[in-house]
Amino acid sequence: MGADMPASADAPARVSRGIGDLGPRLASGLVLAAIALVLNYAGLGWLALLVLAVGLIMSWEWGRVVRRGEVDAALIVHGLAVAVAVLLAVLGLPAMGAVALLVAMGVVALVESGRRPLISALGVAYVGLPAVALLWLRGDEPLGAAAVLLVLLIVWTSDTAAFAAGRTFRGPKLWPRVSPNKTWSGLAGALVGSAVAGALFAAVSGLGTPACLAGKGLLLGLVAQLGDLAESSLKRGFGVKDASTLIPGHGGFMDRADSMVAATLAAAILAALVGAGAPARALLGC
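Residues numbered from 1 in each chain as written. Predicted model: local features only at pLDDT ≥ 70, side-chain atom pairs only at ≥ 80, totals over all residues. Heavy atoms only, no water.

Caption draft 1: Quick peek at the overall build of the protein chain. For the protein chain, the helix and strand inventory stands at 10 helices and two strands. Mapped from its N terminus to its C terminus, the protein chain presents α and β elements in the order α-α-α-α-α-α-β-β-α-α-α-α. Its C-alpha radius of gyration of 18 Å places the protein chain within 12% of the 19 Å reference for a compact globule of 286 residues. Taken along the three principal axes of its C-alpha coordinates, the protein chain extends 55 × 50 × 30 Å. Taking all 286 residues of the protein chain together, the buried fraction comes to 49%. Nonlocal contacts in the protein chain, meaning residues at least 24 apart in sequence, comprise 72% of its contacts between residues at least 6 apart. Of the roughly 12,600 Å² of accessible surface on the protein chain, 74% is carried by carbon and sulfur atoms. (Helix = DSSP H or I, 4+ residues; strand = E, 2+ residues; numbered from the N terminus. Rg over C-alpha atoms; globule rule 2.2 N^0.38 Å. Buried < 20%, exposed > 50% of the residue type's maximum accessible area, 1.4 Å probe, protein only. Contact = heavy atoms within 4.5 Å. Areas by Shrake-Rupley, 256 points an atom, 1.4 Å probe, with all protein chains shown as cover.)

Caption draft 2: Examining the state of the cysteines more closely. Summed over the entire model, instances satisfying the criterion amount to one disulfide. Each sulfur of the disulfide joining C212 and C286 lies 2.1 Å from the other. Handedness of the C212-C286 disulfide follows from its S-S torsion of about -80°: it is left-handed. Of this pair, C212 sits in helix α8 (residues 210-237) while C286 sits in the segment after α10 (279-284), and the two are 74 residues apart along the sequence. Taking the relative accessible area as the measure of exposure, C286 reaches 53% and is therefore exposed. (Disulfide = S-S within 2.5 Å.)

Fair warning: the whole summary comes from geometry, so function is off the table for now.
Structure below.
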């Protein structure tokens, strides 16, 4: 999740804390990135294990944010739905996985009737659909690993460039009511970085053309930043700073994966529009 310059009167203190967190933040980010890269290239099944583990944690974090951390029937249904959807995606049945998630959303809404039915049900889609989408892309051999790598690189570059540009150029805040740390310069940096990442990926891999993948990188980078803002808005609406404290320097997996959630869904939609029969080829092709 990107973070630019603090906005309030106690900015120096916040900057100091941010600098103090930079070491653990960088270390945990590198470890998570290494795990994702290794398991992506190890194969669909290995990546699915990672996606399942993260998905179950995010299911718990969603409940922690919107239902104050209760281990309840909604959480059980949420977690089971994500597990079933991941399994179906691995078996080459992503559409059935999406249907399972839709059914689970209805069940969660019924279980939570009278409390927070809609937002609890939305969490099933928020966690489950990106999981299915990522595995759908990865399952399209022989280009699945490259397609997932492209999405990962764009998201990581987007977040890193947003942080660097925001710290360097500062300037007007992007949406202070939702995310007081974000600036317009950070957003510009994210978009430029994402486009460059797409172009470099094409130049190095020989897949697609630099201009085309730069355009796709720009689009996915924008969506990634919108996903970051959406998750910030959710937490602010419930008065929560972080989804959890599981990742040093980052908060929780929802806090770390918010950009990835949005970008993965956008990549899957783009691939489906171009060629649903071969999604990885559709995403990489130009």
